[in-house]
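Each chain is listed here by its residues.
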Amino acid sequence: MQLVAERLTFQLLDVSYSVEGGRPVIEIWARDVKGRRLLLLDDTFRPYFYVLPQNGADLDKLAEELRRLSRPRSPVTSVEKVDMKYFGRPVTALRVTTLIPESVREYRDLAAKLPGVAEVLEADVRFSMRYLIDLNLYPMRWYVADAEPVNRSDIIADGAYRLVSRPSEEPSMADVDPLDGLRIMAFDIEAYNPQGSPNPSKDPVIIIGVAFNDGERLQLEAAGHSDKELIQKFVDVIRRKDPDVIVGYNQNSFDWPYLLERAKVNGVKLEVGRKRGAEPNPSVFGHISVQGRLNVDLYNFAEEIEEVKVKTLDEVADYLGVMPKDKRVNVDWWRIAEYWDDSEKRKTLLAYNMDDVTSTLGLAYQFLPFGAQLSQISGLPLDQVAAASVAFRLEMRFMREARKLGELVPNRAEEETRELETYTGAIVLEPKPGIHHNVAVLDFASMYPSIMVKYNVGPDTLLKEGEACERVNEAPGVRHRFCADRDAFFKRVLERFLKWRAEVKAAMKKYPEGSPQYRLLNERQRAIKVLANASYGYMGWAGARWYCRQCAESVTAWGRDLITRAASLARSLGLKVYYGDTDSLFVENDPEKVEKVIEGITKGLEFDIKIDKVYSRVFFTEAKKRYAGLTPEGKIDIVGFEAVRGDWSDLAKDTQAKVAEIVLRSDDVRKAVDYVRQVINDLRNGKVEVEKLIIWKTLTKSVDKYEAEAPHVYVAKMMEKLGFKIDVGSKIGYVIVKGDGPLSRRARPYFLVKPQDIDVNYYIDKQIVPAALRILSFFGISERELKAGGRQASLFDYINKK
DNA sequence: CTGAGCCGGGG
DNA sequence: GTGTACGGCTCAG
């Protein structure tokens, strides 16, 4: 049959590979301009790695020995000499090519043992990622290539092709919204949980809510307590709608594993991918891949929002304005079974599920445009870019830059050889405790990347003891020296980032704010900024390929120097400095003087600084990194306070938030003290529901695997004895009761505890009072005053305290 | 005090 | 799939 090649214009969505007939085949999942979902194959790519010889080694002899390692199943097909660079210095390396990706590890280990070998490099780059790097392909971007149609009966797609030319980027699509035209599905399951945490071996999935970006929303319900048909229907829905992107909230650690287990129990196949027979596949670090679709866990993006401490779906959706908390239905999760079994309450449960799904889709609209840009820039597929750490995203880009520069990519350090020494970090100026009015927050723009560029910081420019160089930058205090004779690898990459970002920002100005084009470019410049800002942390990350502790140490040293100089400048101009952290300064908002500070820093120190925000009121305690501010718009920022953490009781969290709000809005500390006393009184008088006192902790492994007996572990054991089935992932809710012995022994399952058993003093001393004092102590309020509980403090209180 | 171990979100 | 975290807290010693 005569095959006719077609010219395809397609968007690269995901990449994987398989081994067919003893040869690797790269599989690109894509959609083309006609809207077809396609599988594109390339069977011409081969795995390889580099061998770096020791100085003076005989390259031909070494090449011969490498060839002799060849095994028939995956022969060494070539060993070539290549001129490359390693940490900026020219080297000749040997490039070893083989056939089967899995054999690389074996050859790597054998090669490393040969005499004359200094290092084996790039043997740990995933094969499919290697392909994208080498062909300079970025997921979510558009390409043009010639391809021949092929038959593939094992996929659920509109067609399959074999690439016959290398894809080249389609410039006309560069500024098109990469999400435009993609089919997005959000889903959320509810599980039956009569005994606290649902147990997938017996508790059915009862509701699956699904929402699509075309507006369709639906809910699937179990028949009573049987979920076999429900799961089959869910698979059918995905087949019918054929989404490109599947989003959920924490679905990688809950919904997918739970559904997989339920499917197994019911003898159903969870065939939701675009490959026949393939189920979602749990991979490392909790990521789950769905073949041919981008499975994105939006919780990964939520984790990066520093301002929200408790990252539950309802909190995050509320913060982002996706769905206000007071406008949605909420059901306490431990009551889900109760709501399911009651026909009236079931309606509420369904509404709750639909609000969760709607919120999830809403979060997708918030996060995915940014994620898609990160994908286009870092080179990681959208599902992986979400799950990857910032350092890993940046490293992927570094590897591409290294290839362009002919640089060999260093290996990660062996775990045991990584230096564990810490170094001095950023400087935090002593806050001025109290409430301050009209405060401007000044922020250095990309401070650490700017330092790296200005002083040419990097492992390749770091001078060893006694090493000479013409132009040298020495970090203040720490004395590390960097050669400025040639540009550092980091500098080259960061300069490209900074230039690129400036271009994008300039292009943005051509569009009205709020237009789709503006939004697209804004997300792009943000993604570039996030990657650039990760470069400092990257150097100090022990897992980094370009790890350089001295570099990170030098950057913070320059940073401390800079912020100290900026604060002095502000003071010398007569401005009060209230606080500063790393790259920010909180100063009195006197516009004229502030302008002078900005000018002095820009021209004198040659770094960019700007007004980030203004607070009409802000208060600091004596503690660093904790403050609460009131913006001119009336919004309250609570930063750093720990009682907004998930493992504190609701009572402590509510109390602290309320105290912060009273103090900021009314300036009246007595009012706040009275409020706390009222809470304590209520607690003493048994007026607080046990539910407000529950402390929740998750069991991350089976009970008997714990060495230390934390309260929630002790309670889990107790629940097991009571006949509860406790599994990994169970959330244990406990309260502390009266009695003797260590705290752990006084923890009880909350549902077994009567209000009169509660150790009221624990909650007062360890929860309410510390949470409230975080704010109130600097107003001179003491523990005793809070605990006086409406009456005058007496000798009795004093003795009790002793 | 230091080090080891655990946690996050979900139901 | 040629294998990816991290910062903050608690408890034990």
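Residues numbered from 1 in each chain as written. Chains lettered and ligands numbered in written order. Predicted model: local features only at pLDDT ≥ 70, side-chain atom pairs only at ≥ 80, totals over all residues. Heavy atoms only, no water.

An unreviewed UniProt entry lists chain A under the name DNA polymerase, with Acidilobus saccharovorans as the source organism. In its Sequence similarities (unreviewed entry) section, the UniProt entry covering chain A states "Belongs to the DNA polymerase type-B family." (UniProt positions renumbered as here; feature names shortened; annotations may be inferred.)

## Focus on the packing of helix α12 (residues 447–455) against helix α15 (residues 549–572)
Running from amino to carboxyl end, α12 crosses α15 at an angle of 110°, the nearest separation of the two axes being 10 Å. What the angle tells us is that α12 and α15 run roughly perpendicular. Side by side, α12 and α15 meet where M447, Y448, I451, M452 and Y455 of the first sit next to V555, T556, W558, G559, L562 and I563 of the second. Residue composition of the contact of α12 with α15, by class: 9 nonpolar, 2 polar and no charged. (Axes fitted to C-alpha atoms, helices over the stretch in contact; angles between N-to-C directions. Helix = DSSP H or I, 4+ residues; strand = E, 2+ residues; numbered from the N terminus. Parallel < 35°, antiparallel > 145°, perpendicular 65-115°, else oblique. Contact = heavy atoms within 4.5 Å. Nonpolar A, V, L, I, M, F, W, Y, C, P; charged D, E, K, R; others polar.)

## Remarks on the UniProt feature "domain: DNA-directed DNA polymerase family B exonuclease" (unreviewed entry) in chain A
Here, UniProt's "domain: DNA-directed DNA polymerase family B exonuclease" (unreviewed entry) annotation points to residues 120–316. Along residues 120–316, the helical share is 21% and the strand share 26%, with 45 Å between the first and last C-alpha atoms.

## Re the sheet that holds strand β23 (residues 584–588)
If you trace the 7 strands from one edge of the open sheet to the other, you get β18-β22-β23-β19-β24-β25-β26, paired in antiparallel fashion. With partners counted over all chains shown, the strands left at the sheet margins are β18 (428–429) and β26 (636–639), one partner each. Bridging between strand β25 (residues 627–630) and β26 involves 4 bridges; their strand directions are antiparallel. Paired with L630 across the two strands is I636, which belongs to β26. Along the sheet face, helix α17 (residues 650–666) touches β19 (434–444), β24 (609–620), β25 and β26 and points at about 100° away from the line of β24. (Pairing = 2+ DSSP bridges.)

## Observations regarding the domain arrangement of chain A
A common measure of how large an interface is: the accessible area buried when the components associate. Taken domain by domain, chain A comprises domain 1 (1–174), domain 2 (184–268 + 304–364), domain 3 (412–630) and domain 4 (646–801). Relative placement of domain 1 and domain 2: their C-alpha centres are 39 Å apart. (Domains from an automatic or database assignment.)

## A word on the side chain of E65
For E65, the position within the fold is in helix α1 (residues 59–68). Although E65 is buried, it makes no salt bridge; K61 carries the closest opposite charge, 4.3 Å away. Setting aside chain neighbours within four positions, we find E65 in contact with L114 and P115. (Buried < 20%, exposed > 50% of the residue type's maximum accessible area, 1.4 Å probe, protein only. Lys, Arg positive; Asp, Glu negative; His and termini not counted. Salt bridge = Lys/Arg side-chain N within 4 Å of Asp/Glu carboxyl O.)

## Some words on a positive patch on the surface
Taken together, K505, K509, K529 and K610 make up a surface patch of like positive charges. Within the fold, K610 resides in strand β24. Residue class for K610 comes out partly exposed when judged on its relative accessible area of 39%. (Patch = residues over 30% accessible without salt bridge, like charges linked within 9 Å, V, L, I, M, F, W, Y side chains within 5 Å. Areas by Shrake-Rupley, 256 points an atom, 1.4 Å probe, with all protein chains shown as cover. Charge placed at Lys NZ, Arg CZ, Asp CG, Glu CD.)

## Side note on the pairing of strand β1 (residues 6–20)
Here β1 runs beside strand β8 (residues 142–150); their pairing, made up of 6 bridges, is antiparallel. Counted as the bridge partner of T9 is V144 from β8. As defined by bridge partners, β1 adjoins strand β2 (residues 23–32) across 10 bridges and the pair is classed as antiparallel. Bridged to V19 within β2 is P24.

## What about the state of the cysteines?
In this structure the tally under the stated criterion is 2 disulfides. In this model, C469 is linked to C483 through a disulfide, with the two sulfur atoms separated by 2.1 Å. On the sign convention where negative is left-handed, the bridge of C469 and C483, at about 80° about the S-S bond, is right-handed. Here C483 lies in strand β21 (residues 481–483) and C469 lies in the loop between α12 and β20 (472–474), a separation of 14 residues in the sequence. Each sulfur of the disulfide joining C548 and C551 lies 2.1 Å from the other. Residues C548 and C551 are joined by a disulfide whose S-S torsion is about 70°; by sign, that bridge is right-handed. Each disulfide in chain A links cysteines that, numbered along the sequence, combine into the pattern 1-2, 3-4. (Disulfide = S-S within 2.5 Å.)

## Some remarks on the protein's contact with DNA strand B
For DNA strand B, the set of nearby residues contains 28 residues, the closest of which are S197, T698, T700, H712 and K731. Atoms of DNA strand B within 4 Å of the protein belong to the sugar or the phosphate in 61% of instances, the rest to bases. The contact in question runs from a base nitrogen of DNA strand B to an N or O atom on the backbone of P198, over 3.2 Å. In this structure, a phosphate oxygen belonging to DNA strand B sits 3.3 Å away from a side-chain N or O atom of Y352. Residue assignment for the surface near DNA strand B shows that the elements contributing at least two residues are β11 (184–191) and α9 (343–378). The biggest single contributor to the surface near DNA strand B is β11, with 4 residues. In terms of residue class, the surface near DNA strand B is made up of 11 nonpolar, 9 polar and 8 charged. (Near = heavy atom within 4 Å. Polar contact = N/O pair within 3.5 Å; in protein donor to acceptor, adjacent residues only side chain to side chain.)

## Things to note about the protein's contact with DNA strand C
Neighbouring DNA strand C are 27 residues, the closest being Y17, A123, F127, V284 and W541. Put simply, 63% of the atoms of DNA strand C that lie within 4 Å of the protein are in sugar or phosphate. V125 places a main-chain nitrogen or oxygen 3.2 Å from a base nitrogen of DNA strand C. Residue F127 places a main-chain N or O atom 3.0 Å away from a phosphate oxygen belonging to DNA strand C. Looking at the surface near DNA strand C, the elements that each hand over two or more residues are α2 (104–112), α3 (127–134) and α11 (390–404). When grouped by side-chain class, the residues that make up the surface near DNA strand C number 15 nonpolar, 2 polar and 10 charged.

## A few points about unusual backbone geometry
Here N438, not a glycine, exhibits a phi torsion of approximately 50°, which is positive. Tracing the backbone shows N438 in strand β19. The backbone of D667 shows a phi angle near 65°, a positive value even though the residue is not glycine. The residue D667 is located in the loop between α17 and α18 (669–684) in this model.

## What about the packing of aromatic side chains?
What the rule picks out here adds up to 34 aromatic pairs. With a centroid separation of 5.2 Å and 35° between ring planes, the pair formed by F254 and Y258 is classed as tilted. With a relative accessible area of 30%, F254 lands in the partly exposed category. Geometrically, the ring pair formed by F620 and Y627 is tilted, given 5.6 Å between the ring centres and 55° between the ring planes. (Phe/Tyr/Trp six-rings, centres within 6.5 Å; stacked < 30°, edge-to-face > 60°.)

## Some points on the pairing of β23
When you tally the buried positions in β23, you get 4 out of 5 residues, the bulk of the element. Note: β19 against β23, 5 bridges, orientation antiparallel. By the bridge assignment, L442 is partnered in β23 with L585. For strand β22 (residues 577–581) and β23, the ladder comprises 4 bridges, and the chain directions are antiparallel. Bridge pairing in β23 places D581 opposite S584. Between the end of β22 and the start of β23, which pair antiparallel, lie 2 residues, with T582 showing a positive phi angle near 60°.

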